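Spelled out, the chains give:
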Amino acid sequence: MSATLFTNARLIDPEALTDDTGSLLVENGRITARLGAGENASAERVIDCAGACLAPGIVDLGVKIGEPGERHKESFRTAGRAAAKGGVTTMITRPDTLPAIDNPETLEFVLRRAQADTPVTVLPMGTLTKGREGREMTEIGFLMDAGAVAFSDGDHVVENTKVLSRALTYARSLGALVIAHPQEPILSRGASATSGKFASLRGLSGVTPMAERMGLDRDIALVEMTGARYHADQITTARALPALERAKNNGFDVTAGVSIHHLTLNELDVADYRTFFKLKPPLRSEDDRQAVVEAVGSGLIDIICSMHTPQDAESKRLPFEEAASGAIGLETLLPAAMRLYHAGALGLAQLFRAMSLNPAKRLGLASGRLSAGAPADLVLFDPDKPFVMDRWSLESKSKNTPFDLQRMQGRVMATWVAGQEIYRSA
Amino acid sequence: MSFTARHLLGIEPLRPEAITAILDLAETYVDLNRSDAKHGDALAGLTQINMFFENSTRTQASFELAGKRLGADVMNMAMQTSSVKKGETLIDTALTLNAMHPDLLVVRHPQSGAVDLLAQKVNCAVLNAGDGRHEHPTQALLDALTIRRAKGRLHRLNVAICGDIAHSRVARSNILLLGKMENRVRLIGPPTLMPSGIAEFGVEVYEDMEDGLRDVDVVMMLRLQKERMDGGFIPSEREYYHRYGLDAAKLSLAKDDAIVMHPGPMNRGVEIDGEIADDINRSVIQDQVEMGVAVRMAAMDLLARNLRAEAA
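The following paragraphs examine the structure supplied in this document. (Residues numbered from 1 in each chain as written. Chains lettered and ligands numbered in written order. Predicted model: local features only at pLDDT ≥ 70, side-chain atom pairs only at ≥ 80, totals over all residues. Heavy atoms only, no water.)

1. Comments concerning the overall build of chain A
Counting secondary structure elements, chain A contains 13 helices and 18 strands. Radius of gyration (C-alpha) of chain A: 21 Å, near the 22 Å computed for a compact globule of 426 residues. By its C-alpha atoms, chain A is 60 × 50 × 45 Å across when sized along the principal axes. Expressed as a percentage of the 426 residues in chain A, the buried residues total 62%. For chain A, the share of sequence-separated contacts (at least 6 apart) that also reach a separation of at least 24 residues comes to 74%. Mean positive and mean negative side-chain charge positions of chain A (47 and 52 charges, respectively) differ by 2 Å. (Helix = DSSP H or I, 4+ residues; strand = E, 2+ residues; numbered from the N terminus. Rg over C-alpha atoms; globule rule 2.2 N^0.38 Å. Buried < 20%, exposed > 50% of the residue type's maximum accessible area, 1.4 Å probe, protein only. Contact = heavy atoms within 4.5 Å. Lys, Arg positive; Asp, Glu negative; His and termini not counted. Charge placed at Lys NZ, Arg CZ, Asp CG, Glu CD.)

Structure, rendered in structure tokens:
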């Protein structure tokens, strides 16, 4: 296979946290060298990046695809196209499908579908408990053999602490990563907003932000007890951050993520019951949003994900409390992240540390970086390009984006997986 | 005209002038309703549909009477027993309604925001007759009219709202309206029945009813909505009545000429002593019912005028 040289690129390096002009040499699907601005190398093919940003492709942890069960909401084909267009080169898919991915046979089906229909890398998760019911653990060993990279019950909390402690103990023996949704389940039951003035004015049942910390506190105690590898899918409140920090300082194998929506939107965006802004956990106060952005900057929160959750019109065009939760995000993750960059809150390298490097590291992948030896999973983008988001232009089957008709900046120009170009904008 | 909206979905978007305009017009309908020929023609030729997804005999009757007095063709649809039970969504209901060409749609729904959603999809004027825990604007307007007539003004009054604030759309609409008209609002109730974030509402919150009632001009009692509760908000009815029920001793702390209000239906002996409710010197509860019809006539009249102005 031939060598390709990406020249004149603004290289976003999340390991070194640098943002310099240079070139990248790719051979046989892998990055083989990085050259400074003045250096030169010969290659069969040269791609002039013309000063645009070249970053490691996004590793999106927690993508929901409607296969099996809800293909009318999202298929591997449409999600794959959306990912390519959004600069996402690896999708870590969620197991909260219908039926849930809780046995190796279902997982094999998913992998087969993914390989046939998506140009990006798909790594599936399996559920931690059968049917996500929180009663019996799944065949974690067999699921790992079949290719499961992590174990999660999605937004279902394993309420029974004994079940969770055994599942964590067993997972630890296999070195499996467990991803949980930290939330006190009884406090959050039936809630569709964060408690406070806004929820009260709208007459929506709210959950106290403290419920997230209570859930996290319990889980961390179990991690301390079992030694399991643990990731909190979304930490969205200021009150949960000290607990996370303590766990990390104590040397527990704990990481945390947050969705791009909780970093760029707050509860007031719900306005007059706009259900595209109904998420789980619900959008938070502006104070919480700022605290969480800061935590991404300091590295306390490790991972930014899209928490891509396709919902069709029938599930969203309902009174707010009856409507389904979730928003799509594969294609809007990068432009939404650019809001944080343009606001001066986070640098490009910091953003790609959270979107590419850290999720790859957490899952033991070689991607997510620009260093020699890493797979040439790359995204080329213009961080400044302005546009108005039109949800009908999105590739996802479901169009439930909260950014519809909003002005955004930052567009993906091209995406490569293992050196192969899988998307180029017109 | 300073009420120019297409719908009446809540008090929140109304400007004080709009509130005054509705109340001023309602005054004329109070007179009409007390006259021999209780009939106007402001809604003649228009179709009014009352759609109640939640039972309310009183509110529905009030809207029906208001529409009929102004000459509208009024139809009641009892939605609890209709196609909704067969799985029809609110959007489909809206599309069905559009085909019937109503002019005024009066909606009550158990979900907060459901009336807003419906209003986005129908081609007529929508009046919110109560949505979940969100708003009940005509109740707040009729309360305002009652207060204005009893006190001679609707500003610089001390108004205490007592009881289950957390589950009450009546309380929300009243807090908003009384605040807009520059009154001091006190909320009285156990902390388990206060909504979250209440400190940011620009009201004073009292857990002790005796402190809260001191020197108020208006005492507004709320129904203890037992059917709304998941359980465990208060220890028992009798302890609630002891601490938060309005009786003569507690009422004596208010101003001598303080009025007592209740949106009904009352739980006598739970939130209010029966004798106080019936005391014609203090209780304006019957007036509230009367003002309800007048305010709804005024609101529908103004919405119909706005519809015509829009069509012209």
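2. Quick look at the interface of chain B and chain A
A common measure of how large an interface is: the accessible area buried when the components associate. Taken residue by residue, the interface counts 21 residues in chain B and 16 residues in chain A. Carbon and sulfur atoms supply 56% of the area that chain B and chain A bury against each other, a total of about 1600 Å² over both sides. The largest share of the area that chain B buries against chain A comes from B:Gln111, B:Ser112 and B:Ser196, three residues that together contribute 27% of it. For the pair chain B and chain A, the interface holds one salt bridge. The residue B:Glu12 makes a salt bridge to A:Arg202 at a minimum N-O spacing of 2.9 Å. Where chain B touches chain A, the interface holds eight residue pairs in polar contact (both at pLDDT 80 or more). Counting only elements with at least two residues in the side of chain B that touches chain A, the list comes to α3 (90-100), α4 (114-121) and α6 (169-180) of chain B. (Buried area = accessible area lost by both parts, 1.4 Å probe. Salt bridge = Lys/Arg side-chain N within 4 Å of Asp/Glu carboxyl O. Polar contact = N/O pair within 3.5 Å; in protein donor to acceptor, adjacent residues only side chain to side chain.)

3. Remarks on empty space enclosed by the protein
Residues and elements named next belong to chain A. Throughout the structure, instances matching the rule amount to four cavities of 30 Å³ or more. A volume near 80 Å³ is recorded for the largest cavity. As for the largest cavity, its lining consists of 13 residues, and the residues nearest its centre are His156, Val158, Ile179, Ala180 and His181. For the lining of the largest cavity, the secondary structure elements donating two or more residues are β10 (177-180) and α7 (210-226). Considered class by class, the residues forming the lining of the largest cavity number six nonpolar, four polar and three charged. There is about 70 Å³ of room inside the second largest cavity. Lining the second largest cavity we find 13 residues, and of these Ser192, Ala193, Val270, Pro282 and Leu283 sit closest to its centre. (1 Å grid on protein atoms, 1.4 Å probe; cavity = no way out; pocket = protein on both sides within 12 Å on 5 of 7 lines; lining within 4 Å. Points joined across faces, edges and corners; volume = space filled by probe spheres on them. Nonpolar A, V, L, I, M, F, W, Y, C, P; charged D, E, K, R; others polar.)

4. Thoughts on the pairing of strand β5 (residues 53-56) of chain A
Residue and element names in this part refer to chain A. Inspection of the sheet shows strand β1 (residues 3-13) paired to β5 by two bridges, in the parallel sense. In the sheet register, leucine 11 faces β5, and the bridge partner there is leucine 54. Of the strand pairs in this sheet, β5 and strand β16 (residues 378-388) are connected by four bridges, and their pairing is antiparallel. Each bridged residue has a counterpart across the sheet, and for cysteine 53 the counterpart in β16 is phenylalanine 381. (Pairing = 2+ DSSP bridges.)

5. Details of the sheet that holds strand β8 (residues 121-124) of chain A
Residues and elements named next belong to chain A. The three strands are arranged β6-β7-β8 in an open sheet whose pairing can be described as parallel. The open sheet terminates on both sides in strands that have one partner only, identified here as β6 (58-63) and β8. Here the strands of the sheet are splayed against their neighbours by 20° on average, with no regard to which way each runs. Here β6 pairs with strand β7 (residues 88-93) via five bridges, running parallel. Bridge pairing in β7 links leucine 61 to isoleucine 92. (Axes fitted to C-alpha atoms, helices over the stretch in contact; angles between N-to-C directions.)

6. Side note on α6(B)
Residues and elements named next belong to chain B. Between the first and last C-alpha of α6 there are 17 Å, a value that for 12 residues agrees with the 16 Å anticipated at 1.5 Å per step. Counting buried residues in α6 gives 10 out of 12 residues, a clear majority hidden from the surface. Burial in α6 covers these residues: Arg169, Val170, Ala171, Arg172, Ser173, Asn174, Ile175, Leu176, Leu177 and Leu178. Where α6 begins, one side-chain oxygen reaches toward the backbone nitrogen of valine 170, 3.2 Å away; that side chain belongs to serine 168. (Expected span 1.5 Å × (residues − 1).)

7. Here's the deal with the sheet that holds strand β5 (residues 158-162) of chain B
All names here are of chain B. Taken in spatial order, the five strands line up as β7-β6-β5-β8-β9 in an open sheet, and their pairing is parallel. The sheet is open, and its two borders are formed by β7 (204-206) and β9 (259-261), each paired with just one other strand. Averaged over neighbouring strand pairs, the angle between their axes works out to 20° when direction is ignored. Here strand β6 (residues 184-188) pairs with β7 via three bridges, running parallel. When the bridges of β7 are listed, isoleucine 188 appears paired with tyrosine 206. On the sheet, helix α5 (residues 137-151) packs against β8 (218-221) and β9 and is oriented at approximately 165° with respect to β9.

8. Observations regarding the packing of aromatic side chains
All names here are of chain A. Enumeration according to the criterion identifies three aromatic pairs over all chains in this entry. Ring geometry for phenylalanine 6 against tryptophan 416: centres 4.8 Å apart, planes inclined by 85°, an arrangement best described as edge-to-face. On the criterion of sequence distance, the pair formed by phenylalanine 6 in strand β1 and tryptophan 416 in strand β17 (residues 407-417) is long-range, its members being 410 residues apart. A relative accessible area of 0% places tryptophan 416 in the buried class. (Phe/Tyr/Trp six-rings, centres within 6.5 Å; stacked < 30°, edge-to-face > 60°.)

9. Details of the pairing of strand β2 (residues 73-78) of chain B
All names here are of chain B. As paired strands, strand β1 (residues 47-52) and β2 are joined by six bridges and run parallel to one another. When the sheet's bridge partners are listed, threonine 47 is paired in β2 with aspartate 73. In this fold, β1 hands off to helix α2 (residues 57-69), which returns the chain to β2; that crossover is right-handed. (Right-handed = clockwise from strand over helix to strand, strands pointing away.)

10. As for the packing of helix α4 (residues 161-174) of chain A against α7(A)
The packing of two helices is summarised by the inter-axis angle and the distance between the axes. All names here are of chain A. At a minimum axis distance of 10 Å, the contact between α4 and α7 shows a crossing angle of 45°. One way to sum up the angle between α4 and α7 is to call them oblique. Here the hand of the crossing between α4 and α7 comes out right-handed. Counting all contacts with α4, which are made through Thr161, Leu164, Ser165, Leu168, Thr169 and Arg172, the residues of α7 involved are Arg218, Asp219, Leu222, Met225 and Thr226. (Parallel < 35°, antiparallel > 145°, perpendicular 65-115°, else oblique. Left-handed = near helix turned anticlockwise from the far one by under 90°.)

11. Structural notes on the environment of A:Val254
Residue and element names in this part refer to chain A. Turning to its location among the elements, valine 254 is positioned in strand β14 (residues 254-259). A relative accessible area of 4% places valine 254 in the buried class. Linking valine 254 and isoleucine 179, residues 75 residues apart in sequence, is a C-alpha distance of 9.9 Å. Once you skip the residues sitting within four places of it in the chain, valine 254 turns out to touch Val223, Tyr230, Leu244, Ala247, Lys248 and Arg362.

12. Looking at the environment of B:Asn123
Residues and elements named next belong to chain B. Examined against the element boundaries, asparagine 123 turns out to sit in the loop between α4 and β4 (125-131). Placed 26 residues apart in sequence, asparagine 123 and leucine 97 show a C-alpha to C-alpha distance of 8.9 Å. When neighbours within four sequence positions are excluded, asparagine 123 is seen to be in contact with Arg6 and Asn98.

13. Things to note about the nonpolar core
Counting residues in each nonpolar core, the largest one holds 98 residues, and the members touching the most others are A:Met91, A:Leu216, A:Leu263, A:Ile301, A:Ile304, A:Phe352 and A:Phe381. Discounting chain neighbours no more than four positions away, the residues touching A:Phe352 are A:Ile12, A:Pro14, A:Ala55, A:Pro56, A:Ile58, A:Leu334, A:Met338, A:Leu357, A:Val379 and A:Phe381. The next biggest cluster of nonpolar side chains, apart from the first, holds 69 residues, and it includes B:Leu70, B:Leu145, B:Leu187 and B:Ile259. (Core = buried A, V, L, I, M, F, W, Y, C linked by side-chain atoms within 4.5 Å.)

14. Here's the deal with α4(B)
Across the eight residues that make up α4(B), a large majority, six, are buried. Restricting attention to buried positions, one finds in α4(B) the residues B:Ala114, B:Val115, B:Asp116, B:Leu117, B:Leu118 and B:Ala119.

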